[in-house]
Amino acid sequence: YGFVPNAVEVILEPDVAKFGNGVLVGECMVAAGKRLDKMNYHPDFIACSNTNLFNALGRWYTELTSVPGVSDYWSEYSFHAYAGRTDDNLIQIATNAKLNNVTSSMLEWWDIDLIIYTSA
């Protein structure tokens, strides 16, 4: 199609999509990364993109980082801030990102009260 993406999000909101677990996300990342490497493409990989910070910090993170080879591809620790948005959780995500030498990003969040207030 004439374009090359600079990043791949493994799966959007795997906790909502009931997409297995962090191990499966990590295995998909490594498999896709290896396949793209063979074609000389080296995009960034974004994960876990959970809707809840507790999920992004809990088993999804632990399982993702347990997959051999995931550190060769993972570049962005993402989350959606619909639940579990506390200072402690945000600090822990930043700490985990630093430990894994990846960036962190909050990719989705909205608050209906804020939308109503700002649009009034």
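Predicted model, so just to flag it, every value in this text is computed and none were measured. (Residues numbered from 1 in each chain as written. Predicted model: local features only at pLDDT ≥ 70, side-chain atom pairs only at ≥ 80, totals over all residues. Heavy atoms only, no water.)

Visitor: How should I be thinking about the pattern of salt bridges in this particular structure?
Guide: For side chains of opposite charge, pairing can occur when their charged atoms come near one another. Counting across every chain of the model gives 1 salt bridge. With its nearest N and O atoms 3.3 Å apart, the salt bridge here joins Glu63 to Arg59. A residue pair is termed a helical-turn pair when its members lie 3 or 4 positions apart in one helix, as Glu63 and Arg59 do in helix α4 (residues 59-66) at 4 residues. (Salt bridge = Lys/Arg side-chain N within 4 Å of Asp/Glu carboxyl O. Helix = DSSP H or I, 4+ residues; strand = E, 2+ residues; numbered from the N terminus.)

Visitor: Just to check I follow, could you spell out the pairing of strand β2 (residues 44-52) for this structure?
Guide: For β2, the tally of buried residues reaches 8 of 9 residues, placing the bulk of the element in the interior. Judged from the 3 bridges that link them, strand β1 (residues 7-9) and β2 form a sheet pairing that is parallel. Bridge pairing in β2 places Ala7 opposite Asp44. Relative to strand β3 (residues 74-83), β2 is paired through 6 bridges, and the arrangement is parallel. (Buried < 20%, exposed > 50% of the residue type's maximum accessible area, 1.4 Å probe, protein only. Pairing = 2+ DSSP bridges.)

Visitor: Sorry if this is basic, but what is going on with the environment of Met29 here?
Guide: When you line up the elements, Met29 lands in helix α2 (residues 22-38). In this structure the C-alpha to C-alpha distance between Met29 and Val70, which are 41 residues apart in sequence, comes to 6.9 Å. Non-local contacts of Met29, meaning those with residues more than four positions away in its chain, are made with Val10, Phe45, Ala47, Leu64, Val70, Tyr73 and Trp74. (Contact = heavy atoms within 4.5 Å.)

Visitor: Can you help me understand the side chain of Asn89 in this one?
Guide: As for its placement among the helices and strands, Asn89 is situated in helix α5 (residues 87-99). Setting aside residues no more than four positions away along its own chain, Asn89 makes contact with Leu53, Phe54, Leu57 and Gly84.

Visitor: Is there a simple way to explain the packing of α2 against α4 in this structure?
Guide: Helix-helix packing is described using two parameters, namely the angle between the two axes and the distance between the axes. Interhelical geometry of α2 versus α4 gives an angle of 40° and a closest axis separation of 7 Å. Classed by the angle they form, the pair α2 and α4 counts as oblique. Between α2 and α4 lies a crossing of right-handed hand. Residues Gly22, Val23, Val25, Gly26 and Met29 of α2 form the contact with α4, whose own contacting residues are Arg59, Trp60, Glu63, Leu64 and Ser66. Looking at the contact of α2 with α4 residue by residue, the classes come out as 5 nonpolar, 3 polar and 2 charged. (Axes fitted to C-alpha atoms, helices over the stretch in contact; angles between N-to-C directions. Parallel < 35°, antiparallel > 145°, perpendicular 65-115°, else oblique. Left-handed = near helix turned anticlockwise from the far one by under 90°. Nonpolar A, V, L, I, M, F, W, Y, C, P; charged D, E, K, R; others polar.)

Visitor: Sorry, what's going on with the environment of Asn52 here?
Guide: Residue position: Asn52 is located in strand β2. Accessibility expressed as a relative area gives 19% for Asn52, which makes it buried. The residues touching Asn52, leaving out its near neighbours within four places in the chain, are Asp15, His80, Ala83 and Gly84. In this structure the side chain of Asn52 is engaged in a polar contact, spanning 2.7 Å, whose partner is the backbone nitrogen of Phe54. (Polar contact = N/O pair within 3.5 Å; in protein donor to acceptor, adjacent residues only side chain to side chain.)

Visitor: What is the right way to read a nonpolar patch on the surface from this model?
Guide: Taken together, the side chains of Tyr82, Met106, Trp109 and Trp110 make up a nonpolar region of the molecular surface, amounting to roughly 420 Å² of accessible area. Along the chain, the position of Trp109 falls in the loop between β4 (103-108) and α6 (112-119). (Patch = residues over 30% accessible without salt bridge, like charges linked within 9 Å, V, L, I, M, F, W, Y side chains within 5 Å. Areas by Shrake-Rupley, 256 points an atom, 1.4 Å probe, with all protein chains shown as cover.)

Visitor: Just to check I follow, could you spell out the sheet that holds β2 for this structure?
Guide: Strand pairing in a sheet is mediated by backbone hydrogen bonds. Such pairs are either parallel or antiparallel. Strand order in the open sheet made by the 4 strands is β1-β2-β3-β4, with parallel pairing throughout. Looking at the sheet topology across the chains shown, the edges are occupied by β1 and β4. Adjacent strand axes in the sheet meet at a mean angle of 30° when their direction is disregarded. In this structure, β3 lies alongside β4, joined through 5 bridges in parallel fashion. By the bridge assignment for β4, Ser78 is matched with Ser105. Against the sheet, α2 touches β2 and β3, its axis set at about 160° to β2. Contacting β2 and β3, α4 crosses the sheet at an angle of about 160° to β2.

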